[in-house]
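Architecture and fold: a report
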Amino acid sequence: MIGAAIPGPDGRPRCPWGLSTEDYTAYHDEEWGRPVRGDDALFERLCLEAFQSGLSWITILRRREGFRRAFAGFRIASVAGFGDADRERLLADEGIIRNRAKIDATLANAKLLADWAPGELDALIWSHAPDPAARPAPRTLADVPAVTDESTALAKALKKRGVRFVGPTTAYALMQACGLVDDHLTDCVARGGR
């Protein structure tokens, strides 16, 4: 079946994308689809998903440590304090994606989120997690959507609160990455956190 889980070098079946590089295999097996909680951790994922827009995820994954260094570990309070000199430093940093609009959105989002109550970002994002029983586990990659009603609602809720650079597709990628949904294929070794 095209797009179904396939055995990796260790014989364990995985989502096909999780076997394309060693970086993807580690990310697939250890992170993707696992619950992520906490404002700073979710801020990091939100930012990285925004930076990924229009690029391949492997580009972001391979620069993640550079992003973490550049953005003070994605601690909202720290990034909220960044000024013009930091912005210029980020625009010159070859260890990240030097996209002015995405950098500006990250800085603006940090300033916004610094004024939210502790746990508020976490609560808002997780309030959009769908009922796991509402959708069957995907059997092939063709069964995995790019956008859902929940991701559209999450993007709207974030935008309404002033968060920049997040649309329904980015919101769904965030939901997948942070375990709000489990889009590992039915036969995948990582399905359900196995």
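Please refer to the structure placed before this passage.
As the structure is a prediction and not an experimental result, all values here were calculated from the model.

1. Some words on the pattern of salt bridges
Applying the stated rule across the entire model yields 16 salt bridges. E44 is the salt-bridge partner of R68, the closest N and O atoms lying 2.8 Å from each other. Here the residue R68 occupies a position in helix α4 (residues 64-70), and E44 occupies one in helix α2 (residues 39-52), the gap between them amounting to 24 residues. With relative accessibility at 7%, the residue E44 sits in the buried group.

2. Quick word on the layout of surface pockets
When its volume is computed, the largest pocket comes out at roughly 470 Å³. Secondary-structure elements contributing two or more residues to the lining of the largest pocket are α1 (22-30), α2 and α10 (168-177). Counting residues per element, the lining of the largest pocket draws most heavily on α10, which supplies six residues. Here the residues of the lining of the largest pocket sort into twelve nonpolar, five polar and two charged. The wall of the second largest pocket is formed by 16 residues, among which P130, D131, P132, R135 and V181 lie closest to the centre. For the lining of the second largest pocket, the class distribution of residues is ten nonpolar, one polar and five charged.

How each quantity is defined
Residues numbered from 1 in each chain as written. Predicted model: local features only at pLDDT ≥ 70, side-chain atom pairs only at ≥ 80, totals over all residues. Heavy atoms only, no water. Salt bridge = Lys/Arg side-chain N within 4 Å of Asp/Glu carboxyl O. Helix = DSSP H or I, 4+ residues; strand = E, 2+ residues; numbered from the N terminus. Buried < 20%, exposed > 50% of the residue type's maximum accessible area, 1.4 Å probe, protein only. 1 Å grid on protein atoms, 1.4 Å probe; cavity = no way out; pocket = protein on both sides within 12 Å on 5 of 7 lines; lining within 4 Å. Points joined across faces, edges and corners; volume = space filled by probe spheres on them. Nonpolar A, V, L, I, M, F, W, Y, C, P; charged D, E, K, R; others polar.

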